[in-house]
Amino acid sequence: QHKDAYQAILDGVKGGAKEKRLAAQFIPKFFKHFPELADSAINAQLDLCEDEDVSIRRQAIKELPQFATGDNLPRVADILTQLLQSDDSAEFNLVNNALLSIFKMDAKGTLGGLFSQILQGEDIVRERAIKFLSTKLKTLPEEVMTKEVEEFILTESKKASVLEDVTGEEFVLFMKILSGLKSLQTVSGRQQLVELVAEQADLEQTFNPSDPDCVDRLLQCTRQAVPLFSKNVHSTKFVTYFCEHVLPNLSSLTTPVEGLDIQLEVLKLLAEMSSFCGDMEKLESNLKKLFDKLLEYMPLPPEEAENGENAGNEEPKLQFSYVECLLYSFHQLGRKLPDFLTAKLNAEKLKDFKIRLQYFARGLQVYIRQLRLALQGKTGEALKTEENKIKVVALKITNNINVLIKDLFHIPPSYKSTVTLSWKPVQKADASQKRASEDTTSSSPPKKASAGPKRDARQIYNPPSGKYSSNLGSFSYEQRGGFRGGRGRGWGGRGNRSRGRIY
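Residues numbered from 1 in each chain as written. Predicted model: local features only at pLDDT ≥ 70, side-chain atom pairs only at ≥ 80, totals over all residues. Heavy atoms only, no water.

- Where an unreviewed UniProt entry is consulted, the protein chain appears under the name Apoptosis inhibitor 5, with the organism given as Pterocles gutturalis.
- Comment text from UniProt for the protein chain, heading Sequence similarities (unreviewed entry), reads "Belongs to the API5 family."
- Of the comments in the UniProt record for the protein chain, the one headed Subcellular location (unreviewed entry) reads "Nucleus". (UniProt positions renumbered as here; feature names shortened; annotations may be inferred.)

**Describing the overall build of the protein chain**
- Across its full length, the protein chain carries 20 helices and zero strands.
- A fraction of 74% describes how many contacts in the protein chain between residues 6 or more apart in sequence connect residues 24 or more apart.
- When the accessible surface of the protein chain is split by element, carbon and sulfur atoms take 49% of a total near 23,900 Å². (Helix = DSSP H or I, 4+ residues; strand = E, 2+ residues; numbered from the N terminus. Contact = heavy atoms within 4.5 Å. Areas by Shrake-Rupley, 256 points an atom, 1.4 Å probe, with all protein chains shown as cover.)

**Topic: helix H7 (residues 107–120)**
- Between the first and last C-alpha of H7 there are 20 Å, a value that for 14 residues agrees with the 20 Å anticipated at 1.5 Å per step.
- Along H7, the residues classified as buried are Ala107, Gly109, Thr110, Leu111, Gly113, Leu114, Phe115, Ser116, Gln117 and Ile118.
- Between the side-chain oxygen at the start of H7 and the backbone nitrogen of lysine 108 there is a gap of 3.3 Å, and the oxygen is on aspartate 106. (Expected span 1.5 Å × (residues − 1). Buried < 20%, exposed > 50% of the residue type's maximum accessible area, 1.4 Å probe, protein only. Polar contact = N/O pair within 3.5 Å; in protein donor to acceptor, adjacent residues only side chain to side chain.)

**Digging into helix H14 (residues 236–246)**
- A large share of H14 lies buried, amounting to eight of its 11 residues.
- All buried positions along H14 are accounted for by Thr236, Phe238, Val239, Thr240, Tyr241, Phe242, Cys243 and Val246.
- Where H14 is buried, its residues meet helix H12 (187–201), helix H13 (212–225), helix H15 (262–274), helix H16 (283–296) and helix H17 (320–334).

**Side note on the nonpolar core**
- Of all hydrophobic cores here, the largest spans 149 residues; its most connected members are Ile27, Leu80, Phe238, Phe330 and Leu341.
- The leading source of residues in this core is helix H19 (residues 347–375), at 11 residues.
- Sequence-distant contacts of leucine 80, that is, excluding residues within four places in its chain, are made with Ile61, Leu64, Val95, Ala98, Leu99 and Ile102. (Core = buried A, V, L, I, M, F, W, Y, C linked by side-chain atoms within 4.5 Å.)

**Some remarks on the confidence of the model for the protein chain**
- Predicted confidence across the protein chain gives a mean pLDDT of 82, with 82% of residues reaching 70 or more.
- Throughout residues 429–503 the model reports pLDDT below 50, and contacts reaching past four residues in sequence, or to other chains, amount to 198 contacts. (pLDDT = per-residue confidence, 0-100.)

**As for the packing of helix H2 (residues 17–29) against helix H4 (residues 54–63)**
- At a minimum axis distance of 9 Å, the contact between H2 and H4 shows a crossing angle of 5°. Considered as vectors, H2 and H4 are oriented roughly parallel to each other. Counted together, Ala17, Lys20, Arg21, Ala24, Gln25 and Pro28 of H2 and Ser55, Ile56, Gln59, Ala60 and Glu63 of H4 form the full contact between these two elements.
- Looking at the contact of H2 with H4, its residues break down into five nonpolar, three polar and three charged. (Axes fitted to C-alpha atoms, helices over the stretch in contact; angles between N-to-C directions. Parallel < 35°, antiparallel > 145°, perpendicular 65-115°, else oblique. Nonpolar A, V, L, I, M, F, W, Y, C, P; charged D, E, K, R; others polar.)

**Concerning the environment of leucine 421**
- Turning to its location among the elements, leucine 421 is positioned in the segment after helix H20 (386–409).
- According to the relative accessible area criterion, leucine 421 is buried, its value standing at 1%.
- Taking the C-alpha atoms as reference points, leucine 421 and lysine 268, separated by 153 residues in sequence, lie 8.9 Å from one another.

**Looking at the packing of aromatic side chains**
- A full pass over the atoms with the stated rule returns 13 aromatic pairs.
- Ring centres of phenylalanine 330 and phenylalanine 340 lie 5.9 Å apart, and the angle between their planes is 70°; this geometry places the pair in the edge-to-face category. Here phenylalanine 330 is found in helix H17, whereas its partner phenylalanine 340 is found in helix H18 (residues 340–344), with 10 residues between them in sequence. Taken individually, phenylalanine 330 and phenylalanine 340 each receive the classification buried, so the pair is uniform in this respect.
- Three or more aromatic residues joined by ring pairs form one cluster here, namely Phe291, Phe330, Phe340 and Phe353. (Phe/Tyr/Trp six-rings, centres within 6.5 Å; stacked < 30°, edge-to-face > 60°.)

So this is what it looks like as structure tokens:
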């Protein structure tokens, strides 16, 4: 009846600023009355969304949810997702709000539009669509985020074309999205996530220690898997891979991030995972690899000359941070094969190991005394200075090693003591916790200096000649994205998919 009048409104998008402003309001207002002009109406509104005048653009974007009816909704979601590339903050916020409002109308339809752009959109659109999901899904009420909707998100995310085509940073965001889903908070849900990470880590592939992308992929994936492990969700596949492929290549690893002590980072991950390793097929062989690597960091005492003095050899450098990780991992896996040291090693090897342990323990006692003396009487603010924070962590490391060495000196060696890894926060036992912490129990030695903040644990303590080095390294590897070369092999390679407007 008023078709000609509505067509005139649609034609207003070709007019001046006033006509366009009116069109931006009236096209959506009467949209539902003219289904036969639906395509023309949506296209006219899209032209306004790309107008040079920012106020017209904002008005047009604000009204887009009114077009999200029936079959049009996924298309509107797709359009809004593409509009996330806007650099105008007010416009960007309008797009976010519009997406959230249609999410509440039809979550699966909206997700369809978002995922179509994640799969096919330009890089900036894809990146912002993933960020939208990682930040906004958790704000939606339960009646929107139903089990069916969560299953749809999992299915779409698992599609090879999505997860085979991600950068490191994107993968971290996807894991944030998935691990936040209520339906994946169960044991079987976490198991699914671990399998997803294992697949992404490509644990069937040969490990290439000289390829920074390969190293980075493994580190990033393992970092995502670690919080998922528990006594019911085992880390066996990852621990096996680290023992068989990474430990033998430890010294030749190429660091993907400048300033990162890659060897220590790998050893820390292995230590954290070792607590939750299940039954391992080649346990003895892998324990042997771990033992051999531990020996590399447990020096023999320097030979003495006839007069009892050091025969010109320098005192070996004791690498406490490395030894804590390796000793802890060996102690955890050793529980599964308690006669490894007595039955699987020959007497000569065992004797050699005991000599190394004894020498290391002697050096350890010296440092523990020095550290306790240095920290004596210090509380509160005094412990927060950079130097004292390093000493606090150093005391945790040395105490941990001391407890583990005492265990191995038992006849036969014991694997009963438990310690909290120096970089992990000490947690109180709490029955309400869903999963026990990786490695905290009450039988650890008194932690005199647990006042140090969590992140300080990432300090490396490696005292040269009994002094505290002024250049003690510190590092933090908190998913710093960027899997060198952007979307290179494995972490993408999507090529240039810039296709302009594809509404």
